[in-house]
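# Working through the structure, step by step
Residue-level listing of the chains:
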Amino acid sequence: MWFKNIKAYQITQPLSIDDGDLERVLSEQAFRPCKSQDLATMGFASPFSQAGKQGTMFQRVGQRYWLTVKKQEKLLPAAVINAELDDMVAKIEMETGSPVGKKAKADLKQEIQTRLLPQAFTKNTYTHGFISLEDNLVAVDASADGKAEAFLALVRKAIGSLPVVPLARHSLQSELTHWLTDAAPDGIALLEEAEFKSTDDAGSIIRCKNQPLDSDEITIHLDAGKLVQKVAFEYQDTLTAVIAEDGSLKRIKFTDRLKEETEDIPKDQVEARLDAEFALMSAELCTLLNFLRETLNLNDANT
């Protein structure tokens, strides 16, 4: 289990978790499949369920708790509904000789959706995240705020309280730009990919890939006042990622050196392998997030 994107949050008040209570409250809000008229359902699942295995509703390594939210959605394309609606409206107008009003169309659309829902295909998605009590951090494997916030909301509902704020509560444009104009922090090696945005009303954006960030072309953009929105980096030979100005991490790739540490676990021992991968991954992510918190002066959750 290797996260690919991170939305990170700082825990702002003391949080304690009892394993027995956690298993109980997660089970009470366990995932259930969509019924005939459900558009979507969402609930907790075993972290191993995506691999076809069952287990407890969370996985714990030290003070890090791995939770998984499963969502099922009915696939009912708007084009299908609208095509049926057009046919029904055309037939009614032909039979009555009068146009179908807006409210009547809305009622017909609802009728079509109700009729088609039981026949719709379903799509399952999983959102993984972990709570690190030792580090006062929550990390969600999500690239979009909405997906991460849905995960947090369900966890908060289950355990009663989850006092968190985003890892970065202000734009990191200036700090990331400083990495290019001055020097990146020790342990950070900048890669050849970045995005820059001008501060004027035009808000022009420049993206570069496979481009040395110390080249003359990049210097021209920086001298013109453009600020870094995103930049790719490598951290201590353990992973590469792209950090954005909102503090999120995208396209995380852990190095082979790290992944090789679990290769001695037989592939048929799925639970043991996933547990070992989570232990390695979550430890490295907490190390990185703590490093960024310190380096970027994000320790004060009220900042």
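Residues numbered from 1 in each chain as written. Predicted model: local features only at pLDDT ≥ 70, side-chain atom pairs only at ≥ 80, totals over all residues. Heavy atoms only, no water.

## A closer look at the sheet that holds strand β12 (residues 249-254)
Reading across from one edge, β9-β8-β10-β11-β12 is the order of the five strands in this open sheet, with antiparallel pairing throughout. Looking along the sheet, the strands with just one partner apiece sit at the ends: β9 (205-209) and β12. Each neighbouring strand pair of the sheet contributes to a mean axis angle of 15 degrees, computed without reference to strand direction. Relative to strand β10 (residues 227-235), strand β8 (residues 188-197) runs antiparallel, the two being bridged by seven bridges. Looking at β10, one finds that Lys 197 is bridged to Leu 227. In the packing of helix α5 (residues 173-181) onto the sheet, contacts are made with β8, β10 and β11 (239-244), and the angle to β10 comes to roughly 60 degrees. With respect to the sheet, helix α8 (residues 270-295) is in contact with β8, β10, β11 and β12, its orientation differing from that of β12 by roughly 130 degrees. (Pairing = 2+ DSSP bridges. Helix = DSSP H or I, 4+ residues; strand = E, 2+ residues; numbered from the N terminus. Axes fitted to C-alpha atoms, helices over the stretch in contact; angles between N-to-C directions. Contact = heavy atoms within 4.5 Å.)

## Details of the environment of Leu 296
Mapped onto the elements of the fold, Leu 296 is located in the segment after α8. For the pair formed by Leu 296 and Ala 168, sequence separation is 128 residues and the distance between their alpha carbons is 8.8 Å. Excluding residues within four positions of it along the chain, Leu 296 makes contact with Leu 172, Glu 175, Trp 179 and Ile 243.

## Here's the deal with the side chain of Asp 141
Topologically, Asp 141 is positioned in the loop between β6 (137-140) and α4 (145-159). At 7.0 Å, Lys 147 is the nearest oppositely charged side chain to Asp 141, a buried residue that forms no salt bridge. At a separation of 3.3 Å, a polar atom in the side chain of Asp 141 contacts the main-chain amide nitrogen of Lys 4. (Buried < 20%, exposed > 50% of the residue type's maximum accessible area, 1.4 Å probe, protein only. Lys, Arg positive; Asp, Glu negative; His and termini not counted. Salt bridge = Lys/Arg side-chain N within 4 Å of Asp/Glu carboxyl O. Polar contact = N/O pair within 3.5 Å; in protein donor to acceptor, adjacent residues only side chain to side chain.)

## Remarks on α5
All of the buried residues along α5 are Gln 173, Leu 176, Thr 177, Trp 179 and Leu 180. Projected onto a plane normal to the axis of α5, the buried residues spread over an arc of 145 degrees and lie on a single side. Exposed residues lying more than 90 degrees from the buried face of α5 are Ser 174 and Thr 181. Where the residues of α5 are buried, they touch β8, α6 (216-223), β10, β11 and α8. (Arc of directions from axis to C-beta.)

## Brief notes about helix α1 (residues 19-28)
An α-helix turns once every 3.6 residues. As a result, residues three or four positions apart point the same way. When we look at burial in α1, the residues that qualify are Leu 22, Val 25 and Leu 26. Down the axis of α1, the buried side of the element spans an arc of 100 degrees, and every buried residue falls inside it. Looking at the buried residues of α1, the elements they touch are β2 (40-45), β4 (64-75) and α4. The N-terminus of α1 is capped by Asp 18, whose side-chain oxygen sits 3.1 Å from the backbone nitrogen of Gly 20.

## Thoughts on the pairing of β6
Residues Leu 137 and Ala 139 point to one face of β6 and Val 138 and Val 140 to the other, with burial holding for every one of them. Two strands pair when backbone bridges link them, and strand β1 (residues 7-11) and β6 are joined in this way by four bridges, in the antiparallel orientation. Each residue of the ladder has a partner; that of Gln 10, found in β6, is Leu 137. Note: strand β5 (residues 121-132) against β6, four bridges, orientation antiparallel. Along β6, the bridge assignment pairs Gly 129 with Val 140. Here β5 folds back onto β6, and the loop between the two strands holds four residues, one of which, Asn 136, carries a positive phi near 55 degrees.

## Let's talk about the packing of aromatic side chains
Going through the model one piece at a time under the given rule, you end up with eight aromatic pairs. Their ring planes at 50 degrees and their centres at 5.1 Å tell us that Trp 2 and Phe 254 sit as a pair that is tilted. With a gap of 252 residues between them, Trp 2 in the segment before β1 and Phe 254 in strand β12 connect regions that are remote in the sequence. This pair shows no difference in class: Trp 2 is buried, exactly as Phe 254 is. Between the aromatic rings of Tyr 235 and Phe 291, the centroid separation amounts to 5.1 Å while the plane-to-plane angle is 45 degrees, which identifies the pairing as tilted. Of this pair, Tyr 235 sits in strand β10 while Phe 291 sits in helix α8, and the two are 56 residues apart along the sequence. For the pair shown, Tyr 235 and Phe 291 are each scored as buried. Connected via pairs of aromatic rings, a cluster forms that spans Phe 3, Phe 48, Trp 66, Phe 130 and Phe 278. (Phe/Tyr/Trp six-rings, centres within 6.5 Å; stacked < 30°, edge-to-face > 60°.)

## A few points about the confidence of the model for the chain
Where the model shows low pLDDT, its predicted coordinates should not be examined in detail. Considering every residue of the chain, the mean pLDDT works out to 92; 99% of them sit at 70 or more. Taken element by element, the predicted model of the chain shows its lowest mean pLDDT in helix α2 (residues 78-96) (88) and its highest in β6 (98). (pLDDT = per-residue confidence, 0-100.)

## Describing the nonpolar core
Counting 47 residues, the largest nonpolar core has Trp 179, Leu 180, Val 231, Phe 233, Ile 243, Leu 249 and Leu 285 as its most contacted members. Going through the elements one at a time, β6, α5, β8, α6, β10, β11, β12 and α8 are the ones with two or more residues in this core. Per element, the largest residue contribution to this core is ten residues, and it comes from α8. The next biggest cluster of nonpolar side chains, apart from the first, holds 26 residues, and it includes Ile 17, Phe 44, Phe 58 and Ile 131. (Core = buried A, V, L, I, M, F, W, Y, C linked by side-chain atoms within 4.5 Å.)

## A short note on the environment of Pro 33
On the secondary structure map, Pro 33 appears in the loop between α1 and β2. Residues Pro 33 and Thr 122, spaced 89 residues apart in sequence, show a C-alpha to C-alpha distance of 9.3 Å. In contact with Pro 33, other than residues within four places in its own chain, are Thr 41 and Gln 72.

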